[in-house]
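Next come the chains, spelled out residue by residue.
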Amino acid sequence: MKNKLIVTLVIVIAAVLIAATISVILPGRKDDGVHYPATAFNKDAKLAQTGKSSTIEGIGLSIKSYELAAEYPYIEILWKNETDRRATYGLGYDIQKQVDGVWTSCAVESVIVPSIACMIAPGEENEHKYNLSFFDIDKGGKYRFTAECYLPDENAFDDTTRCDMYVEFSIV
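Caption draft 1: Just the overall build of the protein, in detail. What the protein contains, in helices and strands, is one helix and ten strands. Walking the protein from its N terminus toward its C terminus, one meets helices and strands in the order α-β-β-β-β-β-β-β-β-β-β. The 172 residues of the protein split such that 33% are buried. Sequence-distant contacts, at least 24 apart, represent 72% of the contacts inside the protein between residues at least 6 apart. With an accessible surface of roughly 10,500 Å², the protein has 55% of that area assigned to carbon and sulfur atoms.

Written out as structure tokens, the structure reads:
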């Protein structure tokens, strides 16, 4: 009986946490009274990838697609693993703007994401859509999507190496 109660409690807590996380990640409807700052783009706005980088060779990001004129604009990132090790990344990300040579976050409010590990097998790719509604992005300027991933160290059981990733873009 005690085990059933514990299992039920764990399931209820997990369901509440998942529901709370989803309500933070996915913007609400316009009629729900909650303010979600979204960058307003006209239907002709285009996003152009201008560069990319990784602190570990063999792990790469690129922009696969985007939707700027939607009610909730997004950018779809293609994660590519060309190493011989499994790469892991989380759902955390930032959009930064370069101002006077310094990269600064464009976040207009905290972005809370679940701590879920996404894995990319050696030689594989993953795609993920990221919400742009939480960022102050406009035409002109140089921007970048930033995230991090981890690779297990060779010949080590629990050690990993952090990989800082970014892909630069501009809005035209």
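Caption draft 2: Quick look at the environment of Val167. Looking at the secondary structure, you find Val167 in strand E10 (residues 160–171). The class of Val167 is buried, set by a relative accessible area of 0%. Measuring from C-alpha to C-alpha, the distance between Val167 and Thr50 comes to 7.7 Å, with 117 residues separating the pair along the chain.

Caption draft 3: Fine view of the pattern of salt bridges. In total, this model carries seven salt bridges according to the counting rule given. Between Arg85 and Asp84 there is a salt bridge; the shortest N-O distance is 3.9 Å. One salt bridge in this structure joins Lys142 and Glu168, with 3.6 Å as the shortest N-O distance. Taken together, the residues span a long stretch of sequence, with Lys142 in the loop between strand E8 (125–131) and strand E9 (143–152) and Glu168 in strand E10 at a distance of 26 residues. With a relative accessible area of 34%, Lys142 lands in the partly exposed category.

Caption draft 4: The arrangement of the side chain of Ser62 in detail. Along the chain, Ser62 turns up in strand E2 (residues 59–67). The residues contacting Ser62, other than those within four sequence positions of it, are Gln49, Lys52, Glu76, Ile77, Leu78 and Val167.

Caption draft 5: Structural context of unusual backbone geometry. A positive phi angle, close to 50 degrees, is found at Asp100, a residue other than glycine. In this structure, Asp100 sits in the loop between strand E5 (94–99) and strand E6 (102–105). Since its relative accessible area comes to 79%, Asp100 is described here as exposed.

Caption draft 6: Geometry of the pairing of E9. Taken across its ten residues, E9 has eight buried, putting it largely inside the fold. As paired strands, strand E4 (residues 87–89) and E9 are joined by two bridges and run antiparallel to one another. Counted as the bridge partner of Tyr89 is Cys149 from E9. Relative to E9, E5 runs antiparallel, the two sharing four bridges.

Caption draft 7: Summary view of the state of the cysteines. Evaluated as defined, the whole model comprises zero disulfides. Its sulfur unpaired, Cys149 is 3.8 Å from the next cysteine sulfur, which belongs to Cys163. Overall, Cys149 belongs to the buried group, its relative accessible area being 1%.

Caption draft 8: View of the sheet that holds E2. Taken together, the three strands give an open sheet; going across it, the order is E2-E3-E8, and neighbouring strands pair in antiparallel fashion. Edge positions in the sheet fall to E2 and E8, since each of these pairs with one other strand and no more. Going across the sheet, the axis of each strand differs from the next one's by a mean of 25 degrees, ignoring polarity. Pairing analysis gives eight bridges linking E2 to strand E3 (residues 74–81), with the strands arranged antiparallel. Its bridge partner being in E3, Tyr66 is matched across the sheet by Ile75.

Each value, and the rule that gives it
The residue count restarts for each chain, going from 1 along the sequence in the order it is written. Whole-chain, interface and lining totals are the exception, using all residues; otherwise, since this is a predicted model, local features are given only for residues with pLDDT of at least 70 and side-chain atom pairs are given and counted only at 80 or more. Heavy atoms throughout the structure, all of them, feed into the side-chain values; hydrogens and water do not. By definition, any uninterrupted DSSP run of H or I lasting at least four residues is a helix, any uninterrupted run of E lasting at least two residues is a strand, and each is numbered from the N terminus. Here the term buried applies to any residue with accessible area under 20% of the maximum for its type, exposed to any over 50%, and partly exposed to those in between, with areas from a 1.4 Å probe on protein chains only. Whether two residues are in contact is decided by their heavy atoms: any pair within 4.5 Å suffices. For the accessible areas, the method is Shrake-Rupley and the probe is 1.4 Å, while residue cover comes only from the protein chains on display. A pairing counts as a salt bridge when a side-chain nitrogen of Lys or Arg comes within 4 Å of a carboxyl oxygen of Asp or Glu. Here, any two strands with at least 2 DSSP bridges between them count as paired. Two cysteine sulfurs form a disulfide in these notes if their separation is within 2.5 Å. Here an axis means a line fitted to C-alpha atoms, over the contact stretch when the element is a helix, while the angle between two N-to-C directions is reported on a 0 to 180 degree scale.

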